[in-house]
2 protein chains.
Amino acid sequence: MIYKIESDENKIVKYVNKLKNPKYIKEEKKFIIEGFHLLEMANLEDIDFVLTLEKLDLDSSINQYIVNEKIMKKLSINKSFSKVITVCKIRNNQKIEGDLILYLDNLQDPGNIGTILRTALAFNIKTIISTSLVTFYNQKTIQSSQGAIFHLNLLKGDDKILFGLKNDYKLIATSLNENTIDLREFNWPNKVVLIVGNEGNGVSKEILNMADATIKIPIANIDSLNVGIATAILIYNFKTTK
Amino acid sequence: MIYKIESDENKIVKYVNKLKNPKYIKEEKKFIIEGFHLLEMANLEDIDFVLTLEKLDLDSSINQYIVNEKIMKKLSINKSFSKVITVCKIRNNQKIEGDLILYLDNLQDPGNIGTILRTALAFNIKTIISTSLVTFYNQKTIQSSQGAIFHLNLLKGDDKILFGLKNDYKLIATSLNENTIDLREFNWPNKVVLIVGNEGNGVSKEILNMADATIKIPIANIDSLNVGIATAILIYNFKTTK
């Protein structure tokens, strides 16, 4: 159905505006994406409804709300306002599949998380677990992911879930500690949960204790690599040296 | 020497404020960094002077201007204002050295450029060439680089310089075109200029025509990797598979 909204006091506009807040993303299990590129990346079942300046050629099951520029400017987080904003549903993609699972331990930066999702999809990784589910649905995460979030199983994780995964997978954590295996000397197991950690503090002690092995990328001159960079090098290494 | 500045109309304050503008960075050959971590990463010869809330324990040759919070808030680009702002000199580091040179063809995103510099330093790369020198000295670039800019030779490049490098180096460009070598089948030459391209358009046609070979990282499901990610995978591959 096509509806027209004239007022920025309309309840649909207010609802969308609320979804900028992580608290409401969690409660409503909905999130917003801006622009045509991300809308194209979304699956039909991801989409709840769209706000748009002009009627779009979309599946007829999708409700379209035609709004004016003033409303778009109010809702858009991008500097130049978007021509389309889509409200999407957080789907229950709880499947754990594939020979390489990523586990993000308390990652904070949406740009890093998004880049990791984009990289993961590019290398056929299917499942990503994060200690915070809502970080997947931050607008900046989604932008950096280039829409990869719509094609991955995204799960919320904790130490218990990680422990359960030990039945089928080896837990391999990154660490800068001394007794850590240099990536060049590491033989990847067949099925791996690769654990990467917080930008400032790395992987937590509890998880390091639980891990089957810890590895590090050999670097010089500087304390650490960006976590997105480190994850990408490890994924490529896993996929090509096994 | 230690000086005290009370007014935000002071000419030093105005001078520092101007250095937020790329035009003045170019003209003055100066740039600003915020915070203690980056100041620690700088070499003595990089530093022109500091603005600080409290006298710092620095080499006595460095002029310190003690300022108040109001001035810091005015000058700081970070949300929470910095306690120290340092004005640095763009040095003439024109040396081309090492077996791997990076060439950034029209990269735009400061976060990407900074991450590439951080990664480069971590893998002992010495020289980075960019088609735009000023992008190295953008505040966001410097932050993402984690101070790596102070330990690299940073040069401005163009097609002529690139052509000159062909005497000593093989030019290897990334490309998503069809007749491009898959990284898994690529044998790296001994001395390489690795060329990576603009976030939207990739490496320019002119440079692709000049290149000795074009390579691509095998990916699926998505158009491309983030340029910082792709560069890191290529650097690690060069450093470990030669």
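Residues numbered from 1 in each chain as written. Chains lettered and ligands numbered in written order. Predicted model: local features only at pLDDT ≥ 70, side-chain atom pairs only at ≥ 80, totals over all residues. Heavy atoms only, no water.

## Side note on the pattern of salt bridges
Residue and element names in this part refer to chain A.
Alright, step 1. A full pass over the atoms with the stated rule returns 16 salt bridges over all chains.
Alright, step 2. One salt bridge in this structure joins Glu 9 and Lys 14, with 3.4 Å as the shortest N-O distance.
Alright, step 3. Given the relative accessible area of 51%, Glu 9 is considered exposed.
Alright, step 4. Looking at Lys 14, the relative accessible area reads 42%, which means it is partly exposed.
Alright, step 5. Among the salt bridges present, the one from Asp 99 reaches Lys 239, with a minimum N-O distance of 3.5 Å. Separated by 140 residues along the polypeptide, Asp 99 in the loop between β5 (84–89) and β6 (100–105) and Lys 239 in helix α9 (residues 227–241) bring together distant segments of the chain. (Salt bridge = Lys/Arg side-chain N within 4 Å of Asp/Glu carboxyl O. Buried < 20%, exposed > 50% of the residue type's maximum accessible area, 1.4 Å probe, protein only. Helix = DSSP H or I, 4+ residues; strand = E, 2+ residues; numbered from the N terminus.)

## With respect to the interface of chain A and chain B
Alright, step 1. Contact residues are listed per partner, giving 28 residues for chain A and 28 residues for chain B.
Alright, step 2. Both sides of the chain A and chain B interface together cover about 2,300 Å² of buried area, and 67% of this is carbon and sulfur.
Alright, step 3. Where chain A packs against chain B, one counts 0 salt bridges.
Alright, step 4. At the junction of chain A and chain B, the tally comes to 10 residue pairs in polar contact (both at pLDDT 80 or more).
Alright, step 5. If you list the elements that add at least two residues to the side of chain A that touches chain B, you get α5 (110–122) and α9 of chain A.
Alright, step 6. Looking at which element gives the most residues to the side of chain A that touches chain B, the answer is α9(A), with 7 residues.
Alright, step 7. Class assignment for the residues of the side of chain A that touches chain B results in 15 nonpolar, 11 polar and 2 charged. (Contact = heavy atoms within 4.5 Å. Buried area = accessible area lost by both parts, 1.4 Å probe. Polar contact = N/O pair within 3.5 Å; in protein donor to acceptor, adjacent residues only side chain to side chain. Nonpolar A, V, L, I, M, F, W, Y, C, P; charged D, E, K, R; others polar.)

## Describing the sheet that holds strand β6 (residues 100–105) of chain B
Residues and elements named next belong to chain B.
Alright, step 1. Strands sit in the order β8-β7-β6-β11-β9-β12-β10 across an open sheet of 7 strands; the sheet is parallel. The sheet is open, and its two edges are formed by β8 (153–156) and β10 (181–182), each paired on a single side.
Alright, step 2. Sheet strands in contact with helix α5 (residues 110–122) are β6, β7 (127–130) and β8, and its direction is about 180° off that of β6. (Pairing = 2+ DSSP bridges. Axes fitted to C-alpha atoms, helices over the stretch in contact; angles between N-to-C directions.)

## A short note on the packing of α5(A) against α9(A)
Axis angle and axis distance: for two packed helices, these are the angle between their axes and the distance between the axes, and together they describe the pair.
All names here are of chain A.
Alright, step 1. Here α5 crosses α9 at 15°, and the two axes come no closer than 9 Å. Comparing their axes, α9 and α5 come out roughly parallel. Handedness of the crossing formed by α5 with α9: right-handed. Contacts between α5 and α9 involve Asn 112, Ile 116, Thr 119 and Ala 120 from the former and Val 227, Gly 228, Thr 231, Ala 232 and Ile 235 from the latter.
Alright, step 2. Split into classes, the residues belonging to the contact of α5 with α9 amount to 5 nonpolar, 4 polar and no charged. (Parallel < 35°, antiparallel > 145°, perpendicular 65-115°, else oblique. Left-handed = near helix turned anticlockwise from the far one by under 90°.)

## Digging into the side chain of A:Asn198
Residues and elements named next belong to chain A.
Alright, step 1. Among the structural elements, Asn 198 can be located in the loop between β11 (192–197) and α8 (205–210).
Alright, step 2. Owing to a relative accessible area of 11%, Asn 198 belongs among the buried residues under this scheme.
Alright, step 3. Of note is the side chain of Asn 198, whose polar atom sits 2.9 Å from the backbone oxygen of Asn 106.
Alright, step 4. Apart from the residues lying within four places of it in its own chain, the contact partners of Asn 198 are Asp 105, Asn 106, Leu 107, Gln 108 and Val 203.

## Notes on unusual backbone geometry
Alright, step 1. Not every positive phi belongs to a glycine, and A:Asn124 is a case in point at roughly 60°.
Alright, step 2. One can find A:Asn124 in the loop between α5 and β7 (127–130).
Alright, step 3. The exposure class assigned to A:Asn124 is partly exposed, which follows from its relative accessible area of 40%.
Alright, step 4. The backbone of B:Lys29 sits at a positive phi, close to 55°, despite the residue not being glycine.
Alright, step 5. Judged by relative accessible area, which is 53%, B:Lys29 ranks as exposed.

## Considerations on the domain arrangement of chain A
All names here are of chain A.
Alright, step 1. Per the domain assignment, the segments of chain A are domain 1 (2–89) and domain 2 (100–241).
Alright, step 2. The partner domain 2 presents 11 residues to the 16 residues of domain 1 that form the contact.
Alright, step 3. Carbon and sulfur atoms supply 67% of the area that domain 1 and domain 2 bury against each other, a total of about 1,200 Å² over both sides.
Alright, step 4. Ranking the residues of domain 1 by area buried against domain 2 places Phe 31, Leu 38 and Met 41 at the top, with a combined share of 41%.
Alright, step 5. Counting every contact that joins domain 1 to domain 2 gives 0 salt bridges.
Alright, step 6. On inspection of domain 1 and its partner domain 2, the count reaches 3 residue pairs in polar contact (both at pLDDT 80 or more).
Alright, step 7. The set of elements that each furnish at least two residues to the side of domain 1 that touches domain 2 consists of α2 (22–28), β2 (30–34) and α3 (36–41). (Domains from an automatic or database assignment.)

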